[in-house]
Amino acid sequence: MQRALDKLVGSHDCRNFCKMKTEAVSNFLQCIKYAKIVVVPSNSKTSSTSSKTTMHHRQMCYFEISGQASLWYMIRCSVAICFIVGMNDKDASVIDFYAM
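Conventions adopted
- Residues numbered from 1 in each chain as written.
- Predicted model: local features only at pLDDT ≥ 70, side-chain atom pairs only at ≥ 80, totals over all residues.
- Heavy atoms only, no water.
- Salt bridge = Lys/Arg side-chain N within 4 Å of Asp/Glu carboxyl O.
- Helix = DSSP H or I, 4+ residues; strand = E, 2+ residues; numbered from the N terminus.
- Buried < 20%, exposed > 50% of the residue type's maximum accessible area, 1.4 Å probe, protein only.
- Patch = residues over 30% accessible without salt bridge, like charges linked within 9 Å, V, L, I, M, F, W, Y side chains within 5 Å.
- Areas by Shrake-Rupley, 256 points an atom, 1.4 Å probe, with all protein chains shown as cover.

Peer 1: Before we go on, may I ask you to explain the pattern of salt bridges in this structure?
Peer 2: Close approach of charged atoms lets side chains of opposite charge pair. Tallying each qualifying case throughout the model produces one salt bridge. E64 is the partner of K36 in a salt bridge, and the nearest nitrogen-oxygen pair spans 3.8 Å. Highlighted residues: K36 in strand 2 (residues 29-39) and E64 in strand 3 (residues 61-68), separated in sequence by 28 residues. What makes K36 partly exposed here is its relative accessible area of 37%. Exposure remark for E64: the relative accessible area of 24% places this residue in the partly exposed category.

If you want it as structure tokens, here you go:
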């Protein structure tokens, strides 16, 4: 997933990631300064062994994306595509198709 996020960094024509009224917008370039996955440290107070094993395989994470004039829908679509890449349904190169 991080490889897919890395491909979003920079200036791209993000029409495929946005819901826009094209009559009102003449510039479709969006600049993403950085994008990363942040793993939230797990709580060390878990008591049972099985929950520790589960926590090892499932960790709470969040996406941290900073950009200029990014839109909520664009971020939502970007994260959805990163999940698809993370599940090995698509290769990270799929970002190249959507973010021209």
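Peer 1: Which parts of the structure should I look at to understand a nonpolar patch on the surface?
Peer 2: On the surface, a cluster of nonpolar side chains totalling about 290 Å² of accessible area is made up of V40, M60 and Y62. Relative to the helices and strands, V40 resides in the loop between strand 2 and helix 2 (49-57). Here V40 falls in the partly exposed class, since its relative accessible area comes to 31%.

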